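Examination of the molecular architecture
Chain by chain, the residues:
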Amino acid sequence: WLLTNDFHLHLLSLNMIGLYTSPLFTSILPARVGYIIQQKRKQLGLTQKELAGKTRFSKYMISKIERGMHDIKITEIQRLAFGLETSVKDIIIGI
């Protein structure tokens, strides 16, 4: 809990000085995660529509995630990892 609380305080302090909302901070991580998701999907030979069906996301959402246009949450990474037959750890390590 303390680590999580410290993390949230750190994000709050970054936001107060404008770093958390800067384009650099908000665009790199979603784009990198999206690239990893796309590569893993292609390795399995899945279409976006097939991955959407396995994860209960829409094809549109899969597209947004892969293009880095969605601020992805850890619970969404968990769903994608399941659909990609991999672990959250494998996705995160690729970042």
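Residues numbered from 1 in each chain as written. Predicted model: local features only at pLDDT ≥ 70, side-chain atom pairs only at ≥ 80, totals over all residues. Heavy atoms only, no water.

On to the confidence of the model for the protein, then. Where the model shows low pLDDT, its predicted coordinates should not be examined in detail. Here the protein averages 80 in pLDDT, while 72% of its residues score no lower than 70. Per-element confidence in the protein is highest for helix 3 (residues 48–55), whose mean pLDDT is 98, and lowest for helix 1 (residues 2–16), whose mean pLDDT is 43. (pLDDT = per-residue confidence, 0-100. Helix = DSSP H or I, 4+ residues; strand = E, 2+ residues; numbered from the N terminus.)

Glancing now at the pattern of salt bridges. Proximity of charged atoms lets side chains of opposite charge pair with each other. A complete count under the given rule lists two salt bridges for this structure. The closest approach of N and O atoms between Arg 41 and Glu 66, which form a salt bridge, is 2.5 Å. Here the residue Arg 41 occupies a position in helix 2 (residues 23–43), and Glu 66 occupies one in helix 4 (residues 59–66), the gap between them amounting to 25 residues. Take Arg 41 and Glu 66: they sit in the same class, and that class is buried. (Salt bridge = Lys/Arg side-chain N within 4 Å of Asp/Glu carboxyl O. Buried < 20%, exposed > 50% of the residue type's maximum accessible area, 1.4 Å probe, protein only.)

What follows covers the packing of helix 3 against helix 5 (residues 74–83). Taken N-terminus to C-terminus, the directions of helix 3 and helix 5 make an angle of 115°; their axes are 8 Å apart at the nearest point. It follows that helix 3 is roughly perpendicular to helix 5 by the angle criterion. The crossing of helix 3 and helix 5 is right-handed. On the side of helix 3, the interface is formed by Leu 51, Lys 54 and Thr 55, while helix 5 contributes Arg 79, Leu 80, Phe 82 and Gly 83. Among the residues forming the contact of helix 3 with helix 5, the class breakdown is three nonpolar, two polar and two charged. (Axes fitted to C-alpha atoms, helices over the stretch in contact; angles between N-to-C directions. Parallel < 35°, antiparallel > 145°, perpendicular 65-115°, else oblique. Left-handed = near helix turned anticlockwise from the far one by under 90°. Contact = heavy atoms within 4.5 Å. Nonpolar A, V, L, I, M, F, W, Y, C, P; charged D, E, K, R; others polar.)

What follows is about the packing of aromatic side chains. Applying the stated criterion across every chain, the model contains zero aromatic pairs. The cationic tip of Arg 79 hangs over the ring face of Phe 57; the distance from NZ or CZ to the ring centre is 3.8 Å. (Phe/Tyr/Trp six-rings, centres within 6.5 Å; stacked < 30°, edge-to-face > 60°. Lys NZ or Arg CZ within 6 Å of the ring centre and 35° of its normal.)

The next point concerns the nonpolar core. Core analysis: the biggest nonpolar cluster contains 15 residues, and Ile 37, Leu 51, Ile 62, Ile 72, Leu 80 and Ile 91 have the highest contact counts within it. Among the elements of the structure, helix 2, helix 3, helix 4 and helix 5 are those that each provide at least two residues to this core. (Core = buried A, V, L, I, M, F, W, Y, C linked by side-chain atoms within 4.5 Å.)

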